[in-house]
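Below, each chain spelled out in residue letters.
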Amino acid sequence: MPDTAALPESWRLALDPVLQTPESRWLGGFLKAEEAGGKRIFPPLGSRLAALELTPLDQVKVVILGQDPYHGAGQAHGLCFSVAKGVKVPPSLVNIYKEIESDLGLPRPSHGHLESWARQGVLLLNTSLTVEEGKAGSHQGKGWEAITDAIIAAVAAKTEPCVFMLWGNHARKKAGRVPGLGPGTHHLILTAPHPSPLSAYSGWFGSRHFSKANAFLEAQGRGAVDWRLPD
């Protein structure tokens, strides 16, 4: 089972059933065995549940759903699309910044560290929360999916309206399996192509998800997200 010592109580209560399953315990054993065998796993231990630690369930306003952590050394630190300061901003995040600039008129940040979003209630969640160095998708099907399904379901069960930003087919399919996000939901579901350079020009640019999210949150009395990133 993944280390959950630093989880906020709201997440601990919501996720305890899935974290006690044999699948979750197998996942914990798998990760330990991989590292004991000399494989480098990203993000490092202590950062793998950072999205939950920085954004307690009771504070979630927006969910952005990624797929895998970055698999290069020094990149992944537990928040989807985010990299630590000093690390080159990845292409998908560059395109996210371009859309924010176009949508909200905000200048592009000088770094790729998205922690300030997380602290405002933006859950920056990947489908798999670990990956082997240099091997994209290597930890898919290892047990993370049940945990991240439960995370999304816990947000969907909230009475407060939230925004789900689903970019690309993978995110749409993932969220589509969750009760509470179908027709008639009280949440706002925003879909667009993935911001990757491979697909951004097929509808990501001009999607205006950030202004739409803020308009919805303000209308629901939940307060807008400040999408600016301090240096």
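Preceding block: the structure.
This is a predicted model, so every value here is computed, not measured. (Residues numbered from 1 in each chain as written. Predicted model: local features only at pLDDT ≥ 70, side-chain atom pairs only at ≥ 80, totals over all residues. Heavy atoms only, no water.)

Remarks on the overall build of the chain
The criterion, for reference: Helical segments are the DSSP runs of H or I of at least four residues, strand segments are the runs of E of at least two, and each set is numbered from the N terminus. Radius of gyration: over C-alpha atoms. The globule rule applied is 2.2 Å multiplied by the number of residues raised to the 0.38 power. To sort residues, take the accessible area from a 1.4 Å probe on protein chains only and compare it with the maximum for the residue type: under 20% means buried, over 50% means exposed, and anything in between is partly exposed. By definition in these notes, contact holds between two residues if any of their heavy atoms fall within 4.5 Å. Reported accessibility uses the Shrake-Rupley method at a 1.4 Å probe radius. Residues are deemed covered only where the shown protein chains occlude them. When charges are counted, neither His nor the chain ends are considered; positive counts come from Lys and Arg and negative counts from Asp and Glu. By convention, the charge on Lys lies at NZ, on Arg at CZ, on Asp at CG and on Glu at CD.
Along its length, the chain carries 8 helices and 6 strands. The linear arrangement of helices and strands in the chain, starting from the amino end, is α-α-β-α-β-α-α-β-β-α-β-α-β-α. For the chain, the C-alpha radius of gyration of 17 Å lies close to 17 Å, the compact-globule estimate for 231 residues. Taken along its principal axes, the extent of the C-alpha atoms in the chain is 50 × 40 × 30 Å. Across the 231 residues in the chain, those meeting the buried criterion constitute 52%. Here the analysis covers contacts within the chain between residues at least 6 apart in sequence; of these, 73% occur between residues at least 24 apart. Summing over all exposed atoms, the chain offers an accessible surface of approximately 10,200 Å²; the carbon and sulfur share of this is 54%. Of note, the chain has its 23 positive side-chain charges centred 4 Å away from the centre of its 21 negative side-chain charges.

Topic: the nonpolar core
Put simply, the rule reads: Throughout, nonpolar core names a set of buried Ala, Val, Leu, Ile, Met, Phe, Trp, Tyr and Cys residues whose side chains join them through atoms within 4.5 Å.
If you look at the biggest cluster of nonpolar residues, it comprises 70 residues, and the most contacted ones within it are Trp-11, Ile-64, Leu-123, Met-165 and Trp-227. Broken down by element, the residue count for this core peaks at 7 residues, all from helix H6 (residues 144-156). For Trp-227, the residues in contact, after removing those within four places along its chain, are Val-62, Ile-64, Ile-100, Leu-104, Leu-106, Trp-117, Val-122, Met-165, Phe-210 and Asn-214.

As for the sheet that holds strand E2 (residues 62-66)
Sheet strands associate in pairs through backbone hydrogen bonding, adopting either a parallel or an antiparallel arrangement. How we decide: Note: two strands are recorded as paired if DSSP finds a minimum of 2 bridges between them. Helix axes are fitted only over the stretch in contact, all axes being lines through C-alpha atoms; the angle between N-to-C directions runs from 0 to 180 degrees.
Here we have 4 strands laid out as an open sheet, ordered E3-E2-E5-E6, and parallel in their pairing. Because the sheet does not close on itself, it has two edges, and the strands there are strand E3 (122-126) and strand E6 (188-192). Adjacent strand axes in the sheet meet at a mean angle of 20° when their direction is disregarded. Pairing of E2 with strand E5 (residues 163-167) involves 3 bridges; the strand directions are parallel. From the neighbouring strand, Ile-64 faces E5, where its bridge partner is Met-165. Most of the contacts of helix H7 (residues 169-176) go to E5, to which it runs at about 135°, and overall it touches E2, E5 and E6.

A short note on unusual backbone geometry
Here the bond from Phe-42 into Pro-43 is cis, since omega is -10°, no more than 30 degrees from zero. Among the secondary structure elements, Pro-43 is positioned in the loop between strand E1 (41-42) and helix H3 (50-54). The phi dihedral of Phe-81 is positive, around 70°, even though this residue is not glycine. For Phe-81, the location among the structural elements is in the loop between E2 and helix H4 (91-104). Exposure remark for Phe-81: the relative accessible area of 10% places this residue in the buried category. Phi at Arg-208 is positive, roughly 55°, even though this residue is not glycine. Tracing the backbone shows Arg-208 in the loop between E6 and helix H8 (209-219). You can call Arg-208 partly exposed: its relative accessible area is 44%.

As for the packing of helix H1 (residues 9-19) against H6
This is how it is decided: Left-handed describes a crossing whose near helix is turned anticlockwise from the far helix through less than a right angle; right-handed describes the clockwise counterpart.
Running from amino to carboxyl end, H1 crosses H6 at an angle of 140°, the nearest separation of the two axes being 10 Å. The element H1 and its partner H6 pack so that their crossing is right-handed. Two secondary-structure elements touch here, H1 through Trp-11, Ala-14, Leu-15, Val-18 and Leu-19 and H6 through Ala-146, Ile-147, Ala-150, Ile-151, Ala-154 and Val-155.

A few points about the pattern of salt bridges
Keep this limit in mind: Here a salt bridge means any side-chain nitrogen of Lys or Arg lying within 4 Å of a carboxyl oxygen belonging to Asp or Glu.
All told, the structure shown has 12 salt bridges when counted by the stated rule. The salt bridge partner of Arg-208 is Asp-103, with a shortest N-O separation of 3.1 Å. Residue Arg-208 is located in the loop between E6 and H8, and its partner Asp-103 is located in helix H4; the two are separated by 105 residues in the primary sequence. Asp-226 is the salt-bridge partner of Arg-228, the closest N and O atoms lying 2.9 Å from each other.

Overview of the pairing of E6
Residues in a regular strand point their side chains to alternate faces of the sheet. Here 5 bridges tie E5 to E6, and the two strands are oriented parallel to one another. Paired with Phe-164 across the bridge in E6 is Ile-189.

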